[in-house]
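Observations on the three-dimensional arrangement
Take a look at the letters that make up each chain.
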2 protein chains.
Amino acid sequence: MTARHDTVRQGLAAAGTFVSAQDLHARLRAAGHRIGLTTVYRALAAMAGGGEADVLTADGQQVYRACGTGEHHHHLVCRSCGKTVEVSGPAVERWAEAIGGEHGFVDITHTVEVVGTCADCAGQPAPATPRPHG
Amino acid sequence: MTARHDTVRQGLAAAGTFVSAQDLHARLRAAGHRIGLTTVYRALAAMAGGGEADVLTADGQQVYRACGTGEHHHHLVCRSCGKTVEVSGPAVERWAEAIGGEHGFVDITHTVEVVGTCADCAGQPAPATPRPHG
DNA sequence: TTGGGTGCAAATGATTTGCAACATC
DNA sequence: GATGTTGCAAATCATTTGCACCCAA
């Protein structure tokens, strides 16, 4: 709950972008930490559950990212280099609530992900992972 | 490409809500179709790629849903019964573009999912799959 | 000593792939 | 005959679980 979990927490923060559990585990081992894959999974799950990390699914894998504030926000992700910017948009929050209400839904939650090509990568060949509409 | 794929297409349409490949395969077999799981996977992948179906990940599984129009839209999903309403929101589209532009991103795509409890299910115990912020 | 955290190894389960049979042109 | 589809069985691979071990209270 503490020492190891803290290692994971710091490793995730150090990564800066979205990383998979496997990836993070490899990085930690490479950095000399003696930690098991299982523990990384467990720590990440705990962090995600506690709002300390964001999770999303890419290519059938769960990828995690340290979540600074713990407050509600969304992500703008570069499809090429993976760079991520945390953004917030009151307009979207309001829209989601309104749409839900219109259809009689209550207790509305929403997930928004904006993907694009960042300025640095525009003009260079984009490696993969396009994402059609959703 | 045709007979079997059409079986899958129709099966998906008949399902009405999000179903997994495994689930859809089981339904088709139950309905007397002689079709392989592999083919169901391939057909669904093709449909998803061609905009005929929407995909999203739930509980580590990919779930698919027939997508009527092929046009860009989003989903309002009931967390309890899975009922889905297709919604569209110009406001969100504009917001995504604007946010991307502000940060120098181009070729913006976005994914939005609104989850709530529908009128029918409100008041009844919600079985599972909550979804924290994203 | 007691309970929770840890990690190895094995299990699980969705998805993919190799390949041979089959239909269609 | 060539080309593309199908589906079985086996392979793949992320994630989870069983269980023994070890540390801190």
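Quick note: structure is the one above.
The notes below deal with the structure included here. (Residues numbered from 1 in each chain as written. Chains lettered and ligands numbered in written order. Predicted model: local features only at pLDDT ≥ 70, side-chain atom pairs only at ≥ 80, totals over all residues. Heavy atoms only, no water.)

With that settled, consider the overall build of chain A. Helix and strand counts for chain A stand at four helices and six strands. Secondary structure elements of chain A, listed N to C terminal, follow the sequence α-β-α-α-β-β-β-β-α-β. Within chain A, the fraction of its 134 residues that count as buried is 43%. Contacts in chain A between residues at least 24 apart in sequence constitute 47% of all its contacts with a sequence separation of at least 6. Per element, the accessible surface of chain A, about 6,800 Å² overall, is 52% carbon and sulfur. (Helix = DSSP H or I, 4+ residues; strand = E, 2+ residues; numbered from the N terminus. Buried < 20%, exposed > 50% of the residue type's maximum accessible area, 1.4 Å probe, protein only. Contact = heavy atoms within 4.5 Å. Areas by Shrake-Rupley, 256 points an atom, 1.4 Å probe, with all protein chains shown as cover.)

The subject of this paragraph is the interface of chain A and chain B. Of the residues lining the interface, 46 residues belong to chain A; the matching set on chain B comes to 46 residues. Of the roughly 3,700 Å² buried between chain A and chain B, counting both surfaces, carbon and sulfur atoms make up 63%. Counting across the chain A and chain B interface gives zero salt bridges. Connecting chain A to chain B are six residue pairs in polar contact (both at pLDDT 80 or more). Of all the elements in the fold, those that place two or more residues in the side of chain A that touches chain B are strand E2 (53–58), strand E4 (74–78), strand E5 (84–87), helix H4 (90–102) and strand E6 (106–117) of chain A. When residues in the side of chain A that touches chain B are grouped by element, the largest group, 12 residues, is from E6 of chain A. Considering only residue class, the side of chain A that touches chain B consists of 21 nonpolar, 18 polar and seven charged. (Buried area = accessible area lost by both parts, 1.4 Å probe. Salt bridge = Lys/Arg side-chain N within 4 Å of Asp/Glu carboxyl O. Polar contact = N/O pair within 3.5 Å; in protein donor to acceptor, adjacent residues only side chain to side chain. Nonpolar A, V, L, I, M, F, W, Y, C, P; charged D, E, K, R; others polar.)

The next thing to look at is the relation of the copies chain A and chain B. Between the two chain copies there is a screw-like relation: a rotation about an axis and a shift along it. When chain A is fitted to chain B, the residual RMSD is 0.2 Å, and the transformation amounts to a turn of 180 degrees plus an axial shift of 0.1 Å. Given the turn and translation reported, the copies of this chain are related as if by a two-fold rotation axis. Of every C-alpha in chain A, the one belonging to Val112 of chain A sits nearest the axis of rotation, 2.3 Å from it. The residues that chain A uses at the interface reappear at the interface of chain B in 100% of cases, marking a shared surface. (Least-squares fit on C-alpha atoms with pLDDT ≥ 70 in both.)

This part takes up the sheet that holds strand E1 (residues 19–20) of chain A. Pairing between the strands of a sheet is mediated by backbone hydrogen bonds and can be parallel or antiparallel. All names here are of chain A. Pairing is antiparallel across the open sheet formed by three strands, whose spatial order is E1-E3-E2. Unpaired on one side and paired on the other, E1 and E2 mark the two borders of the sheet. Relative to the sheet, helix H1 (residues 3–15) contacts E1, E2 and strand E3 (61–66), its axis offset from that of E3 by approximately 90 degrees. (Pairing = 2+ DSSP bridges. Axes fitted to C-alpha atoms, helices over the stretch in contact; angles between N-to-C directions.)

This part takes up the packing of helix H2 (residues 21–30) of chain B against helix H3 (residues 37–49) of chain B. Working note: a packed helix pair is described by the angle between its axes plus the distance between those axes. Residue and element names in this part refer to chain B. Viewed as axis vectors pointing N to C, H2 and H3 meet at an angle of 120 degrees, and their least axial separation amounts to 9 Å. The angle between H2 and H3 places the two elements in the oblique class. Remark: the crossing between H2 and H3 carries right-handed chirality. Where H2 approaches H3, its residues Ala21, Gln22, Leu24, His25 and Leu28 are matched on the opposing element by Leu37, Val40, Tyr41 and Leu44. When the residues that make up the contact of H2 with H3 are grouped by side-chain class, the tally is seven nonpolar, two polar and no charged. (Parallel < 35°, antiparallel > 145°, perpendicular 65-115°, else oblique. Left-handed = near helix turned anticlockwise from the far one by under 90°.)

Shape descriptors only; they carry no functional weight alone.
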